[in-house]
Amino acid sequence: MINTQDEVDAFFDVNDPGRESIQYVEYGAASKPIVVIWDEQYAATSVEGLEAMNFKPNALCRSVDVPNATDKDTVVRNSQTYYVIDVRPDGTGITRLIFSKDAP
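Peer 1: Outline the environment of N68, listing residues and values.
Peer 2: Inspection of the secondary structure assignment puts N68 in the loop between β3 (50–62) and β4 (74–77). Each C-alpha atom of the pair N68 and S46 lies 33 Å from the other, and the pair is 22 residues apart in sequence. Once residues within four sequence positions are removed from consideration, N68 is found in contact with E26 and D73.

Peer 1: Provide a residue-level description of the side chain of R77, including the pertinent values.
Peer 2: Along the chain, the position of R77 falls in strand β4. The class of R77 is buried, set by a relative accessible area of 15%. A polar contact of 3.0 Å, which involves the side chain of R77, links it to the side chain of E40. Discounting chain neighbours no more than four positions away, the residues touching R77 are E20, I22, W38, E40 and Y82.

Peer 1: So, the pattern of salt bridges: which residues are in play, and what are the values?
Peer 2: In this structure the tally under the stated criterion is five salt bridges. Residue D9 is joined to R62 by a salt bridge in which the shortest nitrogen-to-oxygen separation is 2.4 Å. In this pair, D9 sits in helix α1 (residues 5–11) while R62 sits in strand β3, placing the two residues 53 residues apart along the sequence. We classify D9 as partly exposed; its relative accessible area is 30%. For E20, the salt bridge is made with R77, and the minimal N-O distance between the two is 2.9 Å. Placement of E20 in strand β1 (residues 19–25) and of R77 in strand β4 is noted, with a sequence separation of 57 residues between them. Each member of the salt-bridge network shares a partner with another, and the members are D9, R62 and D65.

Peer 1: Which residues make up the packing of aromatic side chains, and what are the values?
Peer 2: Tallied over the full model, the rule gives four aromatic pairs. On the numbers, 6.0 Å between centres and 55 degrees between planes, the contact of Y82 with F99 is tilted. Taken together, the positions of Y82 in strand β5 (residues 80–89) and F99 in strand β6 (residues 94–100) put the pair 17 residues apart, joining distant regions of the chain. Three or more aromatic residues link up through ring pairs in this structure, and these residues are W38, Y82 and F99. The cationic tip of K72 hangs over the ring face of Y27; the distance from NZ or CZ to the ring centre is 5.5 Å.

Peer 1: Give a description of the nonpolar core that names residues and reports values.
Peer 2: Counting residues in hydrophobic clusters, the biggest one holds 14 residues, and the most contacted among them are W38 and F99. Excluding residues within four positions of it along the chain, W38 makes contact with G18, E20, I22, P57, N58, A59, V75, R77, Y82 and F99. With six residues, the next largest nonpolar core counts F12, V35, I37 and L60 among its residues.

What counts, and where the lines are drawn
- Residues numbered from 1 in each chain as written.
- Predicted model: local features only at pLDDT ≥ 70, side-chain atom pairs only at ≥ 80, totals over all residues.
- Heavy atoms only, no water.
- Helix = DSSP H or I, 4+ residues; strand = E, 2+ residues; numbered from the N terminus.
- Contact = heavy atoms within 4.5 Å.
- Buried < 20%, exposed > 50% of the residue type's maximum accessible area, 1.4 Å probe, protein only.
- Polar contact = N/O pair within 3.5 Å; in protein donor to acceptor, adjacent residues only side chain to side chain.
- Salt bridge = Lys/Arg side-chain N within 4 Å of Asp/Glu carboxyl O.
- Phe/Tyr/Trp six-rings, centres within 6.5 Å; stacked < 30°, edge-to-face > 60°.
- Lys NZ or Arg CZ within 6 Å of the ring centre and 35° of its normal.
- Core = buried A, V, L, I, M, F, W, Y, C linked by side-chain atoms within 4.5 Å.

Here it is, written out as structure tokens:
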């Protein structure tokens, strides 16, 4: 369990496997690099009795890097822009950002 900001900072060391730096753009502000753990989950979605797999990109990051995150923010990863559609802080100093490739 992560208990302190120092532990959160160590957990998001960009040199650790699975961590990467992306550009975070807070609405109305300049972009800045943040370290994330990127995940590309697939989820089953049922529409009118048909089941389809749905792509749900998301990332864990330090809450201090995204203190005012909203669904107006974007990130850029490997030249692809992703739009923040949900912000989920967990209360321990870590926030999960949920993305869409489609503009709102």
